[in-house]
Amino acid sequence: RLFLPDSQQRRISFVSPLTLETEAALPATSGLGHVYSAWFDTVAFVPSEENGAVLVYDQERRARGADIPLAGPGARGTVTPDGRKFYLPQLDDPSLAVIDAQGRRLAGRIPLASPPLAALMAVTFGICH
């Protein structure tokens, strides 16, 4: 799936990479960040600067779920190779938000000494795909 976040129009579009047609255009907010696909590509997480939350999209139903409220805007995050967790650095609260991708909820926070710039995965499964 191709995701097109549009902060100006406050929407995110799901586009078929095969037909290049829009399959769904769903409500969003302004200040949209990267799109992170997780949990066997069934859910997409999109951080929003506008409300300091993570917008949740069900990829199978092409529907917006309940937002995950956070302390503020996030920096560049990452998804674990198995798709179970989404880590999002918090800029206003020096921590790393840990989101349970299957449960689509905030699972916890990892406190840090200062706001992180990014969360990246290293030495993952080592599988070339």
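Above this text is the structure in question.
Report on the accompanying structure.

1. A closer look at the packing of aromatic side chains
- On inspection of all chains with the given rule, the structure shows five aromatic pairs.
- Ring centres of phenylalanine 3 and phenylalanine 14 lie 4.9 Å apart, and the angle between their planes is 75°; this geometry places the pair in the edge-to-face category. Note that phenylalanine 3 is positioned in strand β1 (residues 2–6) and phenylalanine 14 in strand β2 (residues 11–15), a separation of eleven residues in sequence. Comparing phenylalanine 3 with phenylalanine 14 shows no difference in burial state: the two are buried.
- Centroid distance phenylalanine 45 to phenylalanine 86: 5.4 Å. Interplanar angle 5°. Geometry classified as stacked. Taken together, the positions of phenylalanine 45 in strand β5 (residues 43–48) and phenylalanine 86 in strand β10 (residues 85–90) put the pair 41 residues apart, joining distant regions of the chain.
- Here a set of aromatic residues connected by ring pairs shows up, and it is made of Phe3, Phe14 and Tyr57.

2. Thoughts on the nonpolar core
- Ranked by size, the top nonpolar core spans 15 residues in total, and within it Val43, Phe45, Val54, Ile68 and Phe86 carry the most contacts.
- When residues of this core are traced back to their parent elements, those giving at least two are β4 (36–38), β5, β6 (53–58), β10 and β11 (95–100).
- Setting aside residues up to four positions removed in sequence, valine 54 forms contacts with Phe45, Val46, Pro47, Asp67, Ile68, Leu70, Phe86, Leu88 and Ile99.
- In this structure, Ile12, Phe14, Leu26 and Leu55 belong to the second largest nonpolar core, which totals eleven residues.

3. Description of the pairing of β6
- Among the six residues in β6, six count as buried, and that is most of the element.
- Of the two faces of β6, both are covered, the one formed by Ala53, Leu55 and Tyr57 as well as the one formed by Val54, Val56 and Asp58.
- Examined bridge by bridge, β5 and β6 share six bridges and lie antiparallel to one another. From the neighbouring strand, serine 48 faces β6, where its bridge partner is alanine 53.
- Taking the residues between adjacent antiparallel strands as the criterion, β5 and β6 are bridged by four residues, where glycine 52 takes a positive phi near 60°.
- Of the pairings in the sheet, the one linking β6 to strand β8 (residues 68–69) comprises two bridges and is antiparallel in character. In the strand pairing of β8, alanine 53 is matched with proline 69.
- Where β6 meets strand β7 (residues 63–64), two bridges bridge the pair, whose relative direction is antiparallel. Note on β7: the bridge partner recorded for tyrosine 57 is arginine 64.
- Between β6 and the antiparallel strand that follows it, β7, lie four residues; arginine 62 among them carries a positive phi value of about 55°.

4. Regarding the sheet that holds β11
- Taken in spatial order, the four strands line up as β9-β10-β11-β12 in an open sheet, and their pairing is antiparallel. The open sheet has two edge strands with one neighbour each: β9 (78–79) and β12 (105–111).
- When β9 meets β10, the two strands line up antiparallel, connected through two bridges. Bridge pairing links threonine 78 to tyrosine 87 in β10.

The rules we used
Residues numbered from 1 in each chain as written. Predicted model: local features only at pLDDT ≥ 70, side-chain atom pairs only at ≥ 80, totals over all residues. Heavy atoms only, no water. Phe/Tyr/Trp six-rings, centres within 6.5 Å; stacked < 30°, edge-to-face > 60°. Helix = DSSP H or I, 4+ residues; strand = E, 2+ residues; numbered from the N terminus. Buried < 20%, exposed > 50% of the residue type's maximum accessible area, 1.4 Å probe, protein only. Core = buried A, V, L, I, M, F, W, Y, C linked by side-chain atoms within 4.5 Å. Contact = heavy atoms within 4.5 Å. Pairing = 2+ DSSP bridges.

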